[in-house]
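# Structural characterization, general
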Amino acid sequence: MSKSATAGIDTIKPMSHKVSNAPKYAIVLLVAAALTSFVGCVAAQTYPMKAMRMIVPFPPGGATDILGRYLAARLSEALGQQMVVDNRGGANGTLGLEIAAKAPPDGYTLVIGQTGNLAISVGLTKVGYDSLRDFAPVTMVVASPHVLTTHPALPVRSVKELVALAKSKPGQLNYASTGAGSAGHLGVELFKKMTKIDLTHVPYKGAAQGLTDLVAGHVAIIFTSVLSTQSYARAGRVRMLAVASTQRSPSAPTVPTIAESGFPGVEVTSWWGVLGQAAMPKAVVTRLNTEIVKIMGTADARERIASLGADIVTGTPEQFADYIKVEYAKWGQLIKESGARVD
């Protein structure tokens, strides 16, 4: 064989070798993808195999705790494994979310996220997680409009009377919130700016503590969800003046909206949902979504949530993720426009 012919063969061999490996590499990738899918399916079929944890990022007794405990009990029944409620209150619910974000992404640690710790606090202070990147949204669960609520001894029965009283006593009336940077805090700050009144902020670690002090007369006003307030109002221990929604709440139909009271523009709704970690297997996310949506569709859930003053709102993981993005942008813009700051 001539040198020229040999040179041609030597030149072709490396190219031929590379081309022949290309389909092998593609096959390896396909096999790996298939194995990953298979493992995910197996994980979903066998999941859960041990006790689970539901992190409630607020102290016991508030709306988030009520929801977390209800879901934990029902999921324990549905999944056949105990789900322990882990209350991790602090920093307006951001501490609990930070703990959840750092947990193993295996589906055994879930967390209740809500308006304040996913969409508001992140625009006011530094937190140890990224609301849009560090979590796998499973589904929204419930939503509830905020309601402007006073102690019964306060001599006001309408928003107009409250504004008049506040103007006659600048800075002397105090209001409770579920924490600096919460929806209740920002909602009142916007209300103050719009009505040109001066109220003193008293932040608490959760709605339960704030309402307890309102009932005791230590604070005059609170702005939190109907869900948190309804039982106190029915017992006559607080007075709900107006809801911060476009329409009256079905759970409190006799309570007017703030807009009806002559002050449009204050619309604040709290929402709650279940999340896992960003790297949680999609099959596990789907399983959890299916079970939670099924639970919230029962008559028991409808009666329980309605009695608390909230609306059941469930959907796909993708819908919840999109909603968080919308709320994140909305509150971020409101924070900039209002100039709100954490106390």
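Values in this document were obtained by computation on a predicted structure and should not be read as measured data.

Here we take up the overall build of the chain. Helices and strands together make up the secondary structure of the chain, namely eleven helices and ten strands. With 343 residues in all, the chain has 48% of them scored as buried. Sequence-distant contacts, at least 24 apart, represent 77% of the contacts inside the chain between residues at least 6 apart. Accessible area for the chain stands at about 15,900 Å²; split by element, carbon and sulfur atoms hold 59% of it.

With that settled, consider the packing of aromatic side chains. Enumeration according to the criterion identifies five aromatic pairs in this entry. Residues tyrosine 47 and tyrosine 108 carry aromatic rings whose centres are separated by 5.4 Å and whose planes lie at 65° to one another, so their mutual orientation is edge-to-face. Of this pair, tyrosine 47 sits in the loop between helix H1 (3-46) and strand S1 (52-56) while tyrosine 108 sits in the loop between helix H3 (94-101) and strand S3 (109-114), placing them 61 residues apart in sequence. Each member of the pair, tyrosine 47 together with tyrosine 108, is buried.

Below, the discussion takes up H3. When we look at burial in H3, the residues that qualify are Thr94, Gly96, Leu97 and Ala100. The buried residues of H3 all sit within an arc of 160° when viewed along its axis, so they share a single face. Those residues of H3 that are buried lie in contact with S1, S3, helix H4 (115-120), strand S4 (135-150) and strand S9 (269-277).

Where helix H2 (residues 63-79) meets helix H10 (residues 299-308), the axes come as close as 12 Å, and the angle between the chain directions of the two elements is 170°. Judged on the interaxial angle alone, H10 and H2 are roughly antiparallel. Where H2 approaches H10, its residues Ile66, Leu67, Tyr70 and Arg74 are matched on the opposing element by Asp300, Ala301, Arg304, Ile305 and Leu308. For the contact of H2 with H10, a count of residues per class yields six nonpolar, no polar and three charged.

Bringing the pattern of salt bridges into the picture now. What the rule picks out here adds up to twelve salt bridges. Beyond isolated ion pairs, a larger network of salt bridges with shared partners links Arg53, Asp86 and Arg88.

This part is about unusual backbone geometry. Cis geometry is found at the peptide bond from tyrosine 47 to proline 48, where omega equals -5°. Along the polypeptide, proline 48 turns up in the loop between H1 and S1. Positive phi, normally seen in glycine, also occurs at lysine 196, with a value near 60°. Along the chain, the position of lysine 196 falls in the loop between helix H6 (183-195) and strand S6 (200-203). Exposure remark for lysine 196: the relative accessible area of 68% places this residue in the exposed category.

On to the side chain of asparagine 92. Tracing the sequence through the fold places asparagine 92 in the loop between strand S2 (83-87) and H3. Note on asparagine 92: relative accessible area 8%, which makes it buried. There is a polar contact of 2.8 Å between the side chain of asparagine 92 and the side chain of serine 121. Those residues in contact with asparagine 92 that sit more than four places away from it in its chain are Phe58, Gly116, Asn117, Ser121, Thr178, Gly179, Ala180, Gly181 and Ser182.

Rules and cut-offs
Residues numbered from 1 in each chain as written. Predicted model: local features only at pLDDT ≥ 70, side-chain atom pairs only at ≥ 80, totals over all residues. Heavy atoms only, no water. Helix = DSSP H or I, 4+ residues; strand = E, 2+ residues; numbered from the N terminus. Buried < 20%, exposed > 50% of the residue type's maximum accessible area, 1.4 Å probe, protein only. Contact = heavy atoms within 4.5 Å. Areas by Shrake-Rupley, 256 points an atom, 1.4 Å probe, with all protein chains shown as cover. Phe/Tyr/Trp six-rings, centres within 6.5 Å; stacked < 30°, edge-to-face > 60°. Arc of directions from axis to C-beta. Axes fitted to C-alpha atoms, helices over the stretch in contact; angles between N-to-C directions. Parallel < 35°, antiparallel > 145°, perpendicular 65-115°, else oblique. Nonpolar A, V, L, I, M, F, W, Y, C, P; charged D, E, K, R; others polar. Salt bridge = Lys/Arg side-chain N within 4 Å of Asp/Glu carboxyl O. Polar contact = N/O pair within 3.5 Å; in protein donor to acceptor, adjacent residues only side chain to side chain.

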